[in-house]
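Examining the three-dimensional arrangement
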Amino acid sequence: MVFTRRPAAVLTAIVAACAMAISLTACTTDANSQDTADDQTTVTSSAPGVVAMFTPSDGITLNQQTPLNKWAKLTPNLTKALTSAGFKKGDISHTTSDSLDKQSRAIQDYVVNHLSGSNTTDDAGIVISPDNITLLVAPVVEADASTRQYGDYVSQELSTADTAEGSDSTDSSDSSNSSDSSDSSTGSDSTDDSSSDASKTVGDSKNAAQAEAVDRLVSSLKLAKESGMHVVLMGNSIKGYKPDAFVRFSDAQAIGKLQAEKIVSKLELSKASKDNPKYIEVLMPYTAVDESGEASDSTFVQEAFRGIWQVLGAYYQKGVVESPSGTLNGNSTEDDWQSVAYDASKEGSTAKVLDARLAKADEHASPTRIDGIIAMNDYIASEVVTELDDLGYTGSAADINPQITISGIVGNITGKKDLSRSDVPDPIKSPEKDDSADSTDSADTQDDSTATDKTDKTKDSQWPLVTGYGAYVSNIPSIVNGKQWMTGIEDRQTLAENIAEACALLNKGQTLTSMSSVRNTEVGGKKKVPTISGPLLAVSASNLKVTLIDPGYISLADAGL
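Note that the structure is predicted; figures quoted are calculated from it, not measured.

Quick look at the nonpolar core
In this structure, Met284 and Leu312 are the most contacted members of the largest nonpolar core, which totals 38 residues. Secondary structure elements with two or more residues in this core: helix 7 (252–266), strand 11 (278–282) and helix 8 (299–318). The greatest single-element share of this core, amounting to 10 residues, is contributed by helix 8. Once residues lying within four places of it in the same chain are set aside, the contact partners of methionine 284 are Val301, Ala304, Phe305, Ile308, Val340, Ala341, Tyr342 and Met376.

In structure tokens, the structure reads:
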């Protein structure tokens, strides 16, 4: 009797234990997820969730003349930052597209598949809820040759309205060309008309495809947001569309302003005078005509010059800064960008422009004095360096700070010693304008005149400050040896960390108000959009190790060391 009761008691105890275990498991599961009708588990906002990145694909690079500001360079930083923020590598996806059409289709497929139940579970059968998904989207935009020289992150706005305007200008241009050709020769009418019609057809077809791609992208992103997903746009905005957050990278104004500010600081323009002004030339490269033969949009170059003039304008107006070529003066305004702009798409154009601006008074004269050249990007800066050498300028930017030698710079970069700096004395009056010399002793006067003449020629041929942007690997050795004084770059690692933090907060259903890097701005015509941004990094020989080598952006070999 005892033996028959004992198995029953044991069985009863086992059943009770299982019930308790199931109950505890259910409690634990309920705290982190919710059950679905098909017994699968849906991840809720307490889990890190999923991040899907969509970026433009980088073009094929055959040499090192390419900026470090590339999407292919940013995405590894993003992936690392996301994993550090708690996201699993398997929950981070990345899709690249070489056109807006392909990108819009990829995003559409991703959103539809997740909402329809396809590709929404992992190997453990966990369903990803839409409110645990963030889409990081950098819309593909077309950039002309000159704009591409600044890198991939230059902010632009995507709009169907722009393509419509482009279509109108094409029609007008075609009409004008047709009219001109009919006046010149009757025999060429049919050829010109057919060519014009073909160009118009191609242009209209391209504009229609672009408009369709934009509409598809906007519709897909709106569907994603309506379903609970979060959308963060990176770099390029979409007119009329409001994302959950926007990542603002460099824009034309910021790039121009950065270089102007560094020139002001380095040349100490606050101490300059009319009697001993500084001489600065501004180069504004742009592409006048695009690949299809239509006039290019000049918005970028206009904004870049506006950023420069907001800083340098006051110094030109005071007369303490002059342009050797006379392209800019005290009466210039921020609308006079065309005075310094030139078509950089033509081979050798930068050398020709610089040669003309720094033309000698005669064949035997010393080089024209120049203290600084704003070249806008590293591609142009490299051409400026070559031309300055051909024109007979000597030395380097390191000579502007005598205690910093090339060996000292190399030693600092390789970690052997620190740099010491001291200001370079610069007279209030230039030697040629200083009439205070004692003229009583003719011999002394002649000796002084000879010495002054030699000093003037040395000063005239002194290598100027050359600025750029993009941190081209091919230009780094020029920065080390002082031929190019500075370049600029995005702080990729900090931006990646801020983006990852934003994704984690959004997936948890939280706002971004706690982030110091976020402020509300107008994006695509929509107000109060949480915007992630950070200051651009100015890179010179003195901080190259800290800004580029230590973070792993470049190696010592890239710097030629």
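Focus on the sheet that holds strand 19 (residues 526–532)
Taken in spatial order, the seven strands line up as 4-3-6-8-10-19-18 in an open sheet, and their pairing is mixed. Two strands close off the open sheet at either side, each with one partner strand: strand 4 (92–97) and strand 18 (518–523). For this sheet the average axis-to-axis angle between neighbouring strands, irrespective of direction, equals 30°. Bridge count for strand 3 (residues 50–56) against strand 6 (residues 133–137) is five bridges, and the pairing is parallel. The partner of valine 50 across the bridge, within strand 6, is isoleucine 133. Sitting on the sheet, helix 2 (residues 71–84) is in contact with strand 3, strand 4, strand 6 and strand 8 (230–234), with an inclination near 170° to strand 3. Seen against the sheet, helix 14 (residues 492–507) touches strand 3, strand 6, strand 8, strand 10 (245–247) and strand 19 and runs at an angle of roughly 145° to strand 6.

Looking at the packing of aromatic side chains
Within this structure, the stated rule accounts for eight aromatic pairs. Taking the centre distance of 4.8 Å and the plane angle of 50° together, the rings of tyrosine 150 and phenylalanine 300 count as tilted. Note that tyrosine 150 is positioned in the loop between helix 4 (145–148) and strand 7 (157–158) and phenylalanine 300 in helix 8, a separation of 150 residues in sequence. Considered together, tyrosine 150 and phenylalanine 300 belong to a single accessibility category, that of buried residues. Taken together, Trp71, Tyr153 and Phe249 form an aromatic cluster joined through their ring pairs. Its end group placed over the ring of tryptophan 463, lysine 483 keeps NZ or CZ at 4.0 Å from the ring centre.

Section: unusual backbone geometry
With glycine set apart, most residues show a phi of negative sign, and most peptide bonds adopt trans. The residue glutamate 268 is not glycine, and still its phi comes out positive at about 50°. Mapping glutamate 268 onto the fold places it in the loop between helix 7 and strand 11. Look at glutamate 268 and you get partly exposed, because its relative accessible area is 25%. For lysine 528, which is not glycine, the phi dihedral falls at a positive 55°. Note that lysine 528 resides in strand 19. Residue class for lysine 528 comes out exposed when judged on its relative accessible area of 64%.

Conventions and cut-offs
Residues numbered from 1 in each chain as written. Predicted model: local features only at pLDDT ≥ 70, side-chain atom pairs only at ≥ 80, totals over all residues. Heavy atoms only, no water. Core = buried A, V, L, I, M, F, W, Y, C linked by side-chain atoms within 4.5 Å. Buried < 20%, exposed > 50% of the residue type's maximum accessible area, 1.4 Å probe, protein only. Helix = DSSP H or I, 4+ residues; strand = E, 2+ residues; numbered from the N terminus. Contact = heavy atoms within 4.5 Å. Pairing = 2+ DSSP bridges. Axes fitted to C-alpha atoms, helices over the stretch in contact; angles between N-to-C directions. Phe/Tyr/Trp six-rings, centres within 6.5 Å; stacked < 30°, edge-to-face > 60°. Lys NZ or Arg CZ within 6 Å of the ring centre and 35° of its normal.

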